[in-house]
Each structure stands twice: as C-alpha cells, then as structure tokens.
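What follows is each chain in one-letter form.
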Amino acid sequence: MKILSLNINSIRAHAESFLESLRAINPDVVLLQETKVEDHAFPHILFEHLGYNIKTFGQKSWNGVAVFSKFSLEDVSRGLPCCPEPSARMMECVIDGRVRIINVYMPNGESEDSPKFPPKIEWMNHFSKHIAPYLHSDEAVIIGGDFNVAIEDRDVWNPKQYEGSSISAPAARRIMREWLDAGWEDCYRRFNPDKPNAWTWIGYRGGSIEKDHGLRLDYFLANRTAAKLIKDCHIDMRPRTADKPTDHCGLVLEMKI
C-alpha cells in the first residue's frame, strides 16, 4: 500500500498539477491538507475516474482535509474530539479494515508572540490525548499530514532566520518530541536518518527551489504495530515542481499490506 500525504494549498487552484502527481506517483491512498473548500464544492468529479473513494472535511477558504482511497473507507470521523478549536483540521478513518489513518493539518500559529500561538499549542495538547490510546494498540495506526512544526534545527534551512517562529518554537517541538519519545516513529527519519535538506515545504518566493531553502513540516508517524509493516518513506518533489504547483512536496509511505 502506497500512501501519499500532501498539503495541496487549495484543491481548486492546484487541481491540474495534483492530477499530474496522482498519475505519476500512483498512490493507493492520499491524505490531503489545506483543501480550502467546503464539502459541497469539492471537485470530486475530477478524480473519481481514477478509482478513488473520497471523503472530505472542508470549510470555506481555509484549512480542510480529505482522504482518497482505492480501498474501502470505514469508521470515518471528522474533527478532533474535545477540542474547542472547530476548524476542519483532522479526519480519521480505517482503510480496508487494515490500517487506521489519522490525517492532520495542524495549526500554524504564526509566531510565538502571536495570539494564534496558544491555540496551536492547545490543539496539539488535545491531539496528544487523542492519539495516546493508539500507541500500544494491536491495530496499525498511521498519523500523516502537515504538522506545521520543524522538529529539529536540521529541518530548517536557516534556523536563525526562523527564531521566534511558531514552526520552530520550543513549546511546539517539545510536544512532538514527547510523541516520539513515547514510541511513535518518525517514518521518514527511520529510512533517512542522516539526510540533510529534507524539505517538504519550499516557498514560492526568492528562488527557494534553486537555493535549496525549505522546511520539513510534513510527517508520517507510526505506532508500534504499523511500524512493523513499513517498507519505505521518502519525499517526492514532483507536486512542488509541477506547473502551477502547491508549495509542498509529497511525502510517500509504503507499507507491506
């Protein structure tokens, strides 16, 4: 099973390049973030001929997540339980009765001194409580998406430039580190432990691609059951280098299912 996670930065704005990426990567399952469209306006018709079942959780102009699957989609839930922040940031489902997927688009938070930063940390704390029971489950559980956190300085092209940013804030990094220390596996680093410049986000401005300036903000985390099934995890540049691209690369996870 090949799973693609991609922040699409508006499904309607980047539908054509996304179609190109789907054909090139040929994933069995797709986790989309930042679709920026309400459910009734999601362009299902553009993708259904490729054989995907599609579930969405959107809102107007902001946020939004979706799951595409060539297998059945079961036990679908939308939103983070018990979190007062109501935005469309999380969808959970079971793929073909075999693996539970949690698709997340975590809050950005802007900067540590922004009024948006405390809600980011609050959201992450609620998420910590939600995923805790899954860590030691016999069910294979994968968390994937845009976490809006660069967990280490090596995940930032210029750490000094991002001092004070919410993506490298110690409070946000500490929560993610707690997940990894508890036993959730950072799938990309398992297969690429020493790879430098492992960017999943590359901005549009200033020739960032040519200069190799980016951030690692997108992750797959696996519980202990799922970790035994993982064959590979890698970054795919094609969504970022396509015509009219999103500003994220694809993150691809391959499992023995």
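Everything that follows concerns the structure shown earlier in this document.
Below or above, wherever it landed, is the structure these notes cover. As the structure is a computational prediction, the values presented were derived from the model and not from experiment.

Let's talk about the overall build of the protein chain
The helix and strand tally for the protein chain stands at 7 helices and 12 strands. Its C-alpha radius of gyration of 17 Å places the protein chain within 12% of the 18 Å reference for a compact globule of 257 residues. With respect to the principal axes defined by its C-alpha atoms, the protein chain has extents near 45 × 40 × 35 Å. Long-range contacts, defined as pairs at least 24 residues apart, comprise 69% of the intrachain contacts of the protein chain with a sequence gap of at least 6. Accessible surface computed for the protein chain: about 10,900 Å², of which carbon and sulfur atoms make up 49%.

A short note on the packing of helix α2 (residues 117-131) against helix α3 (residues 170-182)
Packing of α2 against α3 leaves a shortest axis separation of 10 Å and a crossing angle of 10°. Viewed along their axes, α2 and α3 adopt a mutual orientation that is roughly parallel. The segment α2 lies against α3, with Phe117, Lys120, Ile121, Met124, Asn125, Phe127, Ser128 and Ile131 engaging Ala171, Ala172, Ile175, Met176 and Trp179. Considering only residue class, the contact of α2 with α3 consists of 10 nonpolar, 2 polar and 1 charged.

Overview of the nonpolar core
Core analysis: the biggest nonpolar cluster contains 29 residues, and Ile3, Ile95, Ile142, Phe220 and Leu253 have the highest contact counts within it. One finds Met90, Val104, Met124 and Trp179 within the second-largest nonpolar core, a separate group that totals 28 residues.

As for the packing of aromatic side chains
In the structure shown here, the tally under the stated rule is 9 aromatic pairs. Each ring, one from Phe42 and one from Phe68, has its centre 6.2 Å from the other, and the planes form 70°; the classification is edge-to-face. Highlighted residues: Phe42 in the loop between β2 (29-33) and β3 (53-57) and Phe68 in strand β4 (residues 65-69), separated in sequence by 26 residues. Judged by relative accessible area, which is 6%, Phe42 ranks as buried.

So, the side chain of Asp218
Tracing the sequence through the fold places Asp218 in strand β10 (residues 218-222). Look at Asp218: it is buried, it has no salt bridge, and the nearest opposite charge is Arg216 at 8.8 Å. In this structure the side chain of Asp218 is engaged in a polar contact, spanning 2.5 Å, whose partner is the side chain of Thr200. A distance of 2.9 Å separates a polar atom in the side chain of Asp218 from a polar atom in the side chain of His248. The residues touching Asp218, leaving out its near neighbours within four places in the chain, are Asn7, Gln33, Gly145, Asp146, Thr200, Trp201, His248 and Leu251.

Let's talk about the environment of Val30
With respect to the element layout, Val30 can be found in strand β2. Residue Val30 is classed as buried on the basis of its relative accessible area, which comes to 0%. Filtering out sequence-adjacent residues up to four positions away, Val30 remains in contact with Leu4, Phe18, Leu22, Tyr52, Ala66, Val67 and Phe68.

Comments concerning the state of the cysteines
What we call a disulfide is simply a covalent bond connecting the sulfur atoms of a pair of cysteines. A complete count under the given rule lists 0 disulfides for this structure. Not part of a disulfide, Cys83 finds its nearest cysteine sulfur in Cys82, a span of 9.0 Å.

Let's talk about the sheet that holds strand β1 (residues 2-7)
Spatially, 6 strands are ordered β3-β4-β2-β1-β12-β11 in an open sheet, and the strand pairing comes out mixed. The two strands at the open ends of the sheet, each matched to only one other strand, are β3 and β11 (230-236). With strand direction ignored, the average angle separating the axes of adjacent strands in the sheet is 15°. Bridging between β1 and β2 involves 5 bridges; their strand directions are parallel. Opposite Ser5, over in β2, you have Leu31 as the bridge partner.

What counts, and where the lines are drawn
Residues numbered from 1 in each chain as written. Predicted model: local features only at pLDDT ≥ 70, side-chain atom pairs only at ≥ 80, totals over all residues. Heavy atoms only, no water. Helix = DSSP H or I, 4+ residues; strand = E, 2+ residues; numbered from the N terminus. Rg over C-alpha atoms; globule rule 2.2 N^0.38 Å. Contact = heavy atoms within 4.5 Å. Areas by Shrake-Rupley, 256 points an atom, 1.4 Å probe, with all protein chains shown as cover. Axes fitted to C-alpha atoms, helices over the stretch in contact; angles between N-to-C directions. Parallel < 35°, antiparallel > 145°, perpendicular 65-115°, else oblique. Nonpolar A, V, L, I, M, F, W, Y, C, P; charged D, E, K, R; others polar. Core = buried A, V, L, I, M, F, W, Y, C linked by side-chain atoms within 4.5 Å. Buried < 20%, exposed > 50% of the residue type's maximum accessible area, 1.4 Å probe, protein only. Phe/Tyr/Trp six-rings, centres within 6.5 Å; stacked < 30°, edge-to-face > 60°. Lys, Arg positive; Asp, Glu negative; His and termini not counted. Salt bridge = Lys/Arg side-chain N within 4 Å of Asp/Glu carboxyl O. Polar contact = N/O pair within 3.5 Å; in protein donor to acceptor, adjacent residues only side chain to side chain. Disulfide = S-S within 2.5 Å. Pairing = 2+ DSSP bridges.

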